[in-house]
Amino acid sequence: MKKMTKLLAFALVAVMLLTTLVSCGSAFGKIKKNFEKAGYTYASEDKDGNSTAKAITTELEKGDLNCTVHFFKTEKDGLFLDYNLYCMVLEFSSDKELAKALEEEGSATLKGMIEDAQESEYVRDNCVLIPLAFGDSKDEMIEVFNK
């Protein structure tokens, strides 16, 4: 009976530890897969030099926030020219880092874009979407991000 109790206790602790490790993972892998399925390609940087992206990353660096910046791009056919659309995904090391970025010492630009992080369609776990497009393209990016 004692052995069975110890074995059961050990199994419960192992399951709790495994659950904790799995739940602490980043959502970025799923987000990247969703964007790639939707026809976006992963880009290491925004080659168009978007000022919003630069402002947010500069503010985050000043606040010593641990964040990885990812870009996805898609090519669109225009009336006369083809053009690229970008979106930026900020991957924070944890939910706490994300909360810190949205507080007083965080990014003012990021806070201005996301009013209520808990209710926002721009926040998924420890990642934040910054669509660098407007209209239907922006809506498409939000939909892909939240799949």
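Everything here concerns the structure above.
The model shown is predicted, which means the values in this text are computed figures rather than measured ones.

**Student:** Can you walk me through the side chain of Glu91 in this structure?
**Tutor:** Mapped onto the fold, Glu91 is located in strand 3 (residues 82–92). There is a polar contact of 2.8 Å between the side chain of Glu91 and the side chain of His70. Aside from chain neighbours lying at most four places away, what touches Glu91 is Ser26, Phe28, Asn66, Cys67, Thr68, His70, Asn126 and Cys127.

**Student:** Honestly, the pairing of strand 3 in this entry has me stumped. Any pointers?
**Tutor:** Consecutive side chains of a regular strand alternate in pointing toward one face of the sheet and then the other. Within strand 3, eight of the eleven residues are buried, which leaves it mostly tucked inside the rest of the structure. Here eleven bridges tie strand 2 (residues 67–77) to strand 3, and the two strands are oriented antiparallel to one another. In the sheet register, His70 faces strand 3, and the bridge partner there is Val89.

**Student:** Honestly, the environment of Thr41 in this entry has me stumped. Any pointers?
**Tutor:** Here Thr41 is to be found in strand 1 (residues 41–43). Using a relative accessible area of 40% as the deciding quantity, one classes Thr41 as partly exposed. Considering only alpha carbons, one finds Thr41 and Phe72, 31 residues apart in sequence, at a separation of 5.5 Å. Excluding anything up to four places from it in sequence, Thr41 contacts Phe71, Phe72 and Lys73.

What counts and how
- Residues numbered from 1 in each chain as written.
- Predicted model: local features only at pLDDT ≥ 70, side-chain atom pairs only at ≥ 80, totals over all residues.
- Heavy atoms only, no water.
- Helix = DSSP H or I, 4+ residues; strand = E, 2+ residues; numbered from the N terminus.
- Polar contact = N/O pair within 3.5 Å; in protein donor to acceptor, adjacent residues only side chain to side chain.
- Contact = heavy atoms within 4.5 Å.
- Buried < 20%, exposed > 50% of the residue type's maximum accessible area, 1.4 Å probe, protein only.
- Pairing = 2+ DSSP bridges.

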